[in-house]
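Chain by chain, the residues:
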Amino acid sequence: MISNYTGIVPGSDMLFIRKLAERLAGKSFLHINSTKAGGGVAEILQRMIPIMVELGIDARWDIIEGDDRFFDITKKLHNSLQGSPETINDDMWEYHLEVNKRNAKKLNLDADAVLIHDPQPAPLIGFKQRGVWIWRCHIDVASPYKGIFENLSRYCTQYDAAIFSVAKFTRSLGIDQFIIPPSIDPLSDKNRDLSDEEIHDTRVRFNLPPDRPIILQISRFDRFKDPIGVIQAYRMVKKYNDCLLVLAGSPATDDPEGEAVLKEVQEYASDDPDIRILMLPPFSDRDINALQRIATVVLQKSLKEGFGLTVSEAMWKGKPVIGGAVGGIPLQIVHGLTGFLVHSVEGAAFRIRQFLNYPEMAERMGTMGREYVRNNFLITRQIRDYLTVWYSQEHKGSNLLEL
Ligand code: UDP
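Residues numbered from 1 in each chain as written. Predicted model: local features only at pLDDT ≥ 70, side-chain atom pairs only at ≥ 80, totals over all residues. Heavy atoms only, no water.

Caption draft 1: A look at the packing of helix 2 (residues 40–54) against helix 14 (residues 379–394). Interaxial distance between helix 2 and helix 14 falls to 11 Å at its minimum, and their mutual angle equals 70 degrees. As summarised for this structure, helix 2 and helix 14 are arranged roughly perpendicular, according to the angle between their axes. In this structure, the crossing between helix 2 and helix 14 has a hand that is right-handed. Taken together, the residues of helix 14 that come into contact with helix 2 (itself represented by Ile 44, Arg 47, Met 48, Ile 51 and Met 52) are Ile 379, Gln 382, Ile 383, Tyr 386 and Leu 387. Across the contact of helix 2 with helix 14, the residue classes break down as eight nonpolar, one polar and one charged. (Axes fitted to C-alpha atoms, helices over the stretch in contact; angles between N-to-C directions. Helix = DSSP H or I, 4+ residues; strand = E, 2+ residues; numbered from the N terminus. Parallel < 35°, antiparallel > 145°, perpendicular 65-115°, else oblique. Left-handed = near helix turned anticlockwise from the far one by under 90°. Contact = heavy atoms within 4.5 Å. Nonpolar A, V, L, I, M, F, W, Y, C, P; charged D, E, K, R; others polar.)

Structure (structure tokens):
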């Protein structure tokens, strides 16, 4: 219930949302991405759609379907947009379009506003019927591999507007662009308060000791999340401080590389009993919540990152966080206040040791982090922003203040 957010989120967000929803009630708002499970986009949509429906908006969420070839291509596309030297040849672009064409035939694209998430379904714009169409880019496109963004732009430029998570990601597209960082839901199973029994239950099931420091990174098994770098940092720390490392992840249906990366990580961890690699089933929200609460220090040592919801999730739980200084992580971590930003394995090891050796400092930063998330990265702020963009696009050319 939307009223359950009162007292948790900033009051101004609630007021703003209600005012906008009065204007948009009864209209339809369609979201499309490429997976129902795994990764940040699905995480947000599954919480946001019911809230919008409760606000009187006819909100829907559909996914496009594809085969292995399609998702191999889109993963390559994703990687090259984040800077990897991958080539997408004409045949691959053609197949990308072809699969979207097939999806367009099956999907009901009739809506007042359509938000297309990420590159996988971007070609759907070619099948627009009516309404406002917005392309929402969640990935780190600060420095794509040469020519790749220009190629994808054939689709992006046809939209009415684009939304990026971070100012650095915006490009010259000739359409309106907005900066809207993602958010977390404080009432979801992933983030709500847990009882001591619930936390204990997870601790016992994963056989985690109550009396040893735990370093945690929760991520899909993706090279850009740098799981190997995390193990290297842990090994440096381990020479001086006792601790355990937990690397937890689960598969995403639109990420075909997960298995191979998991294997690499398992091999690299070798037989160290203090490195726990947990392959969680999809929708392990309560366990992830508990792991984040059990952790002494939370890492998100990404090398590229669209936003990094896991950072806000940990900060919301009052945890000291260490993140790679990339993509959306510096929006969340104000270096030295709400956590530490790092640029190397050595930097990560140094900051982990600082948190382990100065628990009062860790607690102080954790407390500040929670307030920072409250003011900036809760779901009501993102709903407010989406509705504002939709409303402003519907009234392009009018003076909004007079409406
Ligand atoms: N997540 C999850 N299970 C996992 C790993 C991650 O539910 O095994 C969640 C995580 O808690 C976060 C989201 O997936 O909510 C990941 O979002 P993020 O922005 O950190 O990264 P992305 O996967 O979108 O690149």
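Caption draft 2: Spatial organisation of the packing of aromatic side chains. Taken as a whole and judged by the stated rule, the model has eight aromatic pairs. Considering the side-chain rings of Phe 70 and Phe 71, the 5.2 Å spacing of their centres and the 75 degrees angle between planes classify their relative orientation as edge-to-face. On the accessibility criterion, Phe 70 (0% relative accessible area) is buried. Under the relative-accessibility criterion, Phe 71 is labelled buried at 10%. With a centroid separation of 5.1 Å and 35 degrees between ring planes, the pair formed by Phe 340 and Phe 355 is classed as tilted. Placement of Phe 340 in strand 12 (residues 340–342) and of Phe 355 in helix 12 (residues 345–357) is noted, with a sequence separation of 15 residues between them. With respect to class, Phe 340 is no different from Phe 355; both count as buried. The structure contains a cluster of three or more aromatic residues connected by ring pairs, namely Trp 135, Phe 149 and Phe 164. (Phe/Tyr/Trp six-rings, centres within 6.5 Å; stacked < 30°, edge-to-face > 60°. Buried < 20%, exposed > 50% of the residue type's maximum accessible area, 1.4 Å probe, protein only.)

Caption draft 3: Spatial organisation of the sheet that holds strand 9 (residues 275–279). The strand order across the open sheet built from six strands is 9-8-7-10-11-12, with neighbouring strands paired in parallel fashion. The sheet is open, and its two borders are formed by strand 9 and strand 12, each paired with just one other strand. Across the sheet, the mean angle from the axis of one strand to that of its neighbour is 20 degrees, orientation sign disregarded. Alignment of strand 8 (residues 244–249) against strand 9, held across five bridges, turns out to be parallel. Bridged to Gly 249 within strand 9 is Met 279. Against the sheet, helix 7 (residues 227–238) touches strand 7 (214–218), strand 8, strand 9 and strand 10 (297–300), its axis set at about 170 degrees to strand 8. (Pairing = 2+ DSSP bridges.)

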